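Geometric and topological summary
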Amino acid sequence: MQLSRIMNKISHLLDDLHKYSLKVTPVRLNILNILLESDKPLDSSSIKLILNRYGVKADRATIFRTINSFSKKGLIKEVNLGESKMRYEYSGRQDHHHLLCQRCGEIEDIYNCKINLWEKEILNTTGFQIRHHDIEFFGLCRQCQKYE
Ligand SMILES: [Zn+2]
Ligand SMILES: [Zn+2]
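Residues numbered from 1 in each chain as written. Chains lettered and ligands numbered in written order. Predicted model: local features only at pLDDT ≥ 70, side-chain atom pairs only at ≥ 80, totals over all residues.

Here's the deal with the packing of helix 2 (residues 26-37) against helix 4 (residues 60-73)
At a minimum axis distance of 10 Å, the contact between helix 2 and helix 4 shows a crossing angle of 65 degrees. The crossing of helix 2 and helix 4 is right-handed. Here Val27, Arg28 and Ile31 of helix 2 lie close against helix 4, whose contacting residues are Thr62, Ile63, Thr66 and Ile67. Considering only residue class, the contact of helix 2 with helix 4 consists of four nonpolar, two polar and one charged. (Axes fitted to C-alpha atoms, helices over the stretch in contact; angles between N-to-C directions. Helix = DSSP H or I, 4+ residues; strand = E, 2+ residues; numbered from the N terminus. Left-handed = near helix turned anticlockwise from the far one by under 90°. Contact = placed C-beta atoms within 7 Å. Nonpolar A, V, L, I, M, F, W, Y, C, P; charged D, E, K, R; others polar.)

Here is the structure:
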């Protein structure tokens, strides 16, 4: 990675921590970076594995605490895909949803969400003001359909 890109990324991470009044620690910086870079929501044990690979030492409790404080402040979001574990992703991403394959467990992001049109209609007909929606899709990926 180019030095200027690295500098930009670090300053973005520092800005985020600052904005949410979180003190900068190596564990916080690294966890935030991992979630920022990931193209799918991660659970805490995957985060721990990646931290280990980066050579960052953090025990389970520290990771849990960090994730919790990020999530409470809204810096990251919980993603519940009906598994026994919770996953997390960076909040500042464009509206998107997930396709979870129930056979191989592969997760894919989908964009181009049209639910905001439905939200407008709901507002018009019921007067209810929707702040956010939380929708995931479950089924079979293209590959797995061959085996069913
Ligand atoms: Zn699959
Ligand atoms: Zn949406």
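From this point on, the discussion continues.
Things to note about the sheet that holds strand 5 (residues 107-110)
Strand order in the open sheet made by the three strands is 5-4-6, with mixed pairing throughout. Only two strands of the sheet have a single neighbouring strand rather than two, namely strand 5 and strand 6 (136-139). Between one strand and the next, the sheet's axes are offset by a mean angle of 25 degrees, whatever the strand orientation. Two elements, strand 4 (residues 97-101) and strand 5, share four bridges in a ladder whose sense is antiparallel. What sits directly across from His98, in strand 5, is Asp109. (Pairing = 2+ DSSP bridges.)

Regarding the pairing of strand 4
What sits between the antiparallel neighbours strand 4 and strand 5 is a turn of five residues, in which Gly105 has the positive phi angle 80 degrees. With four bridges joining them, strand 4 and strand 6 adopt parallel strand pairing. Bridged to Leu99 within strand 6 is Phe137.

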